[in-house]
Structures are given as structure tokens and as C-alpha cells.
Amino acid sequence: MSTAQASAAAGAPRARHPGVTLAVIAGAQLMIVLDATIVNIALPHMQHALKFSDTGLTWVLNAYTLTFGGLLLLGGRAGDILGRRRVFMFGIGLFTIASLVGGFAQSSGWLLAARAVQGVGGAIASPTALSLITTNFAEGKERNRAFGVFAAVSGSGAAIGLLLGGMLTQWLSWRWVLFVNAPIGLALILLVPLYVGESARRPGRFDVTGAITSTAGMTALVYAFIHAAQDSWGDRLTIGAFVAAGVLLAAFVANEMRHRQPVMPMRLFANRNRSSGYVVMLAFGAGMFGMFFFLTLFVQNVLGYSPLKAGLAFVPISFAIGVSAQISSNLMLRMGPKPFMMSGAALSTGGLYWLSLIDRHSGYPSILGPMLLFGFGMGFIFVPLTMIAVSGVRNEDTGAASAMLNVTQQVGGSLGLSILTTFFSSAQKSEQTKLAGSEQMHRFLASLNPKQLADFKAGKVPPPADITNQVLAHGISTALVAAVVLGAIGLALTFLIRNTKASAAGTGGDAGHETDAIAPDAEPAPAPI
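Residues numbered from 1 in each chain as written. Predicted model: local features only at pLDDT ≥ 70, side-chain atom pairs only at ≥ 80, totals over all residues. Heavy atoms only, no water.

Let us now look at the overall build of the protein. Regarding its fold elements, the protein presents 20 helices and two strands. Burial status across the protein gives 56% buried among its 529 residues. Residue pairs in contact within the protein that sit at least 24 positions apart in sequence constitute 83% of those at least 6 positions apart. Working note: accessible area of the protein is about 20700 Å², and carbon and sulfur atoms make up 66% of it. (Helix = DSSP H or I, 4+ residues; strand = E, 2+ residues; numbered from the N terminus. Buried < 20%, exposed > 50% of the residue type's maximum accessible area, 1.4 Å probe, protein only. Contact = heavy atoms within 4.5 Å. Areas by Shrake-Rupley, 256 points an atom, 1.4 Å probe, with all protein chains shown as cover.)

As C-alpha cells, then:
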């Protein structure tokens, strides 16, 4: 913990009912983490109800992750300046209202707007939730226990979201993956003033320009890739979106270099280990988000799984992540982070390659093995990356350095999914063209009467299921090949990381320089979402 955090926390009121306080803070974090995955299982049902295209469906995830990742650092700064409890309650309230409005969505645009506002609420509440632990729990055993619960909730949230999303979608409807947040959010807003203490405000300045240009720039870049998948790379709107992204991101970098209190201190990237680690997280965040998205479509549309069965199908990957994360956290201080990052990156990339071999005849065992391999590798990656991110940073940069992991994971997920979608869409179009002249299609067309044939040409009658499944499976397989390339980039970058073992130096560097040393008694930063 930084000196600034310690001094702020020292005069703050401690929790009178620590168990309830921790439950409230962890409950808010769980609600926010869940929404990164709870909608995954409901995606085919949202697509059918609101008439999304295959490429447009990716925005249900991207609208949330882009605003969440893009505004996360600004949300943490708002809590420091305006008061953490006050900002925490505002974030939860905004998230809850957006969830309720999204549940009533009658069009794709309505739902996407609600998902974007959910991301804003999550970006405000999530970093403040972590800061409230330092405010409400005494330093030492009590605070470490609270950090452990918070990290466990963050780490398990993705799996719980997939399972809960399956149950709600099957037993109620897809709308309940959004409605479920309303009663939880309302209860949290009522409990927070009773059990969570307010923090002292700190003077500071908001880098609103940096937050807006970074979020807008990444949104334009993601839009450019998705529009290229829908239309073409030479389309004027596609080119315009790429140009806008370049201008906005360049403006963001220029602003961060001259702003007195930037939302993303550029000096964080001066350390080779940390900058390499951020890009590794970007690459594997892209692979993980893409894998969940496309395999959700595969198990429900190709394998024909119900929403609940689809949610259960993804549970083993969380167990794999949990097992390997425990192994790496127990051995890393003795062996250093590099062996785990290299082996984890190799295993995860191998799992993605294995997944890319699926076709329409593949069953669940064909995806279970590679999912376990991928998950085991990701568990090896998460813990070392978390420690590298906060090791040796200046005291005033500790919060930003840790939060950047979540930022790179969320932004990497959005950017990666948009890139994979271009390969997915292109492969589908190619496979459709190839199958249009196949004997299988000729037999199907010959079986239609004149009215059915006219309806088929008008798009009112779908192709036979085996052709549809083949097109979908081929598109997913091709997209996962692109994910393998991203994984290979991440693997290559792990070779640049210097291996460092435990040091008594601590995680906080001084104002003059940084180190790569990992402190054996450092407080663990929460695992990335």
C-alpha cells in the first residue's frame, strides 16, 4: 500500500461491523464483474429478440467493456477527490438504473446504450470498492483478509456470471440477466451509508480530456474493425473510423505527456517488465474474450445446448484457472515470475490452437480439453502479471499501475473481439459462397416448392441446419486461428521480461527510480477481472 493510501486511511473511520461491510463491498464488486460474462449465454436469445447481426452482436459485450475499461482510471481518481463512499454509491446507482433500463430494451440500439452506461457505472464503482477496503479495514491481518475475499470474488465472478446467465436465461428470459442487478443494486445503496465509512477527500485534478479521448479512440478503432467485417476494408466509413481512431489516440498520448495529473501516467511504461506485462495482458485478454464469445455461439447453435447446459459447460475453465493460480502464487516468490508467464503463455496459446481445430462434427470433449489447457495457462499468467504491475512503482502511481491491468484486459478484450470478428465474418462469407454450389445445397433447393424457393431467396427460409452449422463452425475456427496469432505475440513478449525473485525492497519504489523486485510481504493486488 502506498504512503498516500496509508495516510488517508489512518484518519478514516473503521468498520463497526466488518463482516457486513466486507459483504457489501464484495457484493458490489461481484455484481460488476458478473456483467462482463453474464450476458454471454443470453447472446443468441438477444440476437433473435432484437435482430442483431452476427457482427453487431459483439457490441453487446464491447459497449460494456469499452466504457468500463476506458473510464476505470478516472473512476478511481474521482473516489480520491470527491470521497470514495459518495462516488461508490453513485456508481452503483448508475449501474443499477442502466441494468433496469436495458432489461426493458425493445431495440438493439436501446440495449447497447444501456450496456455502455452500465460500463460507466462499473468504472466508477469498481476501483472505489477496492479503495474502500483500505478506508474501512485496519492495516495488517484484517485488511489482508478483506483483500483476499475481494480477490476471490473478482477471480470467480466470470464463472459465476456464465452459470447464472444460463440459469436466468433458461428459467426466466434473457432480460433477467439485466433485471437481476436491480434488487441487488438497491439493497447495496441502502446498506452502504449504514456500514461503509466515508474517506477523506484529497486535492487533485480530473484528466477528463484523457479519459474521453482514450475511450472515444478505442471505440472508433473497434468500430472500424467491426464495420470492415460487415462491409469492406475500403469502405469510406471504415477508413474514416480508422483515421478518427488514430487522431483521438494520438491526442490522448499528447495530453497524457503534458497533463500534470494524467489519468494514465506514461512513466509506467518506462519499466520493461511492466510495459511488456501490459501488452501480454492485452493479447491474452483478447484471446479470452474472443474464446468465450465464439464458444458460446458454438455450444448453443452447433451443439444445441440449452442456456443452463451452456453455462455449466464453461465451469471447468474456472477450476483450471484457480488451480494454476494457486500453484503460481505459492512458488513465484521463489522462482520468479518469468517461468510461470512463459509456460502459461505457451499453454494458453496451445489451448487456443487446439480449439481452432473444431468443426461442425466436434462434440463437447473436443472443446473441454483445450479449454482446460487454456485456463490452466491463464492461471499461471494472472498472478505474475499482477505482481509485475505493482512492483517497484512510485508511491503515487501504485493505484494506476494496478488498475492498468484491468484496463488492458478490458480494452484488449474489446479490440481483440473486433479483430477476430473480421476473420469470423470473412470466413463465413467464403464458406457460404463455397457451399452455394455444393451438391448438398442443390438437393435442398430441389426439395422446395416455388413459394418456398421464393421465400428462401428473400431470406425468409433458412438454409438446412447442417449447412448453417458448417458455416458457423468454419467462421469460429478461423477466428480462433487469429486468436492463436495474438497468443503467439503475447508469448513472444514474455521472453522480454527480466526474471526477478523476492526482495525486501517492497513494492513501492521511491520517487527517483523504480525496481523490478517483488516483495515477499507485499499486499497482493486483486486478480484481473
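Within the secondary structure, N469 sits in helix α20 (residues 465-494). The buried category is assigned to N469, whose relative accessible area is 18%.

To continue, consider the packing of aromatic side chains. Within a pair of aromatic rings, the relevant descriptors are the distance that separates the centres and the angle that separates the planes. Tallying each qualifying case throughout the model produces ten aromatic pairs. With centroids separated by 5.8 Å and ring planes inclined at 70 degrees, the aromatic side chains of F292 and F314 adopt a geometry described as edge-to-face. Of this pair, F292 sits in helix α12 (residues 272-302) while F314 sits in the loop between α13 (307-313) and α14 (315-335); the two residues are 22 residues apart in sequence, bridging distant segments of the chain. We classify F314 as buried; its relative accessible area is 1%. (Phe/Tyr/Trp six-rings, centres within 6.5 Å; stacked < 30°, edge-to-face > 60°.)

Further remarks concern helix α2 (residues 18-34). With 17 residues, α2 should cover 24 Å at 1.5 Å per step; its first-to-last C-alpha distance of 24 Å lies within 8% of that length. Those residues of α2 that sit buried are T21, L22, V24, I25, A26, A28, Q29, M31, I32, V33 and L34. (Expected span 1.5 Å × (residues − 1).)

This paragraph deals with the nonpolar core. Among the nonpolar cores identified, the biggest contains 115 residues, and M46, I367 and I476 are the most heavily contacted of them. With 16 residues, the single largest contributor to this core is α12. Residue contacts for M46: discarding those within four places in its chain leaves V39, K51, F52, V60, L111, W174 and V177. (Core = buried A, V, L, I, M, F, W, Y, C linked by side-chain atoms within 4.5 Å.)

At a minimum axis distance of 9 Å, the contact between helix α5 (residues 84-103) and helix α9 (residues 181-195) shows a crossing angle of 160 degrees. One finds that α5 runs roughly antiparallel with respect to α9. As for the relative orientation of α5 and α9, their crossing is left-handed in sense. Across from R85, F88, M89, I92, G93, F95, T96, S99 and L100 in α5, the residues of α9 making contact are N181, A182, G185, L186, L188, I189, V192 and P193. (Axes fitted to C-alpha atoms, helices over the stretch in contact; angles between N-to-C directions. Parallel < 35°, antiparallel > 145°, perpendicular 65-115°, else oblique. Left-handed = near helix turned anticlockwise from the far one by under 90°.)

Attention shifts here to the environment of I32. In this fold, I32 is placed in helix α2. The buried category is assigned to I32, whose relative accessible area is 2%. Sequence separation between I32 and F68 is 36 residues, and the spatial gap between their C-alpha atoms is 9.7 Å.

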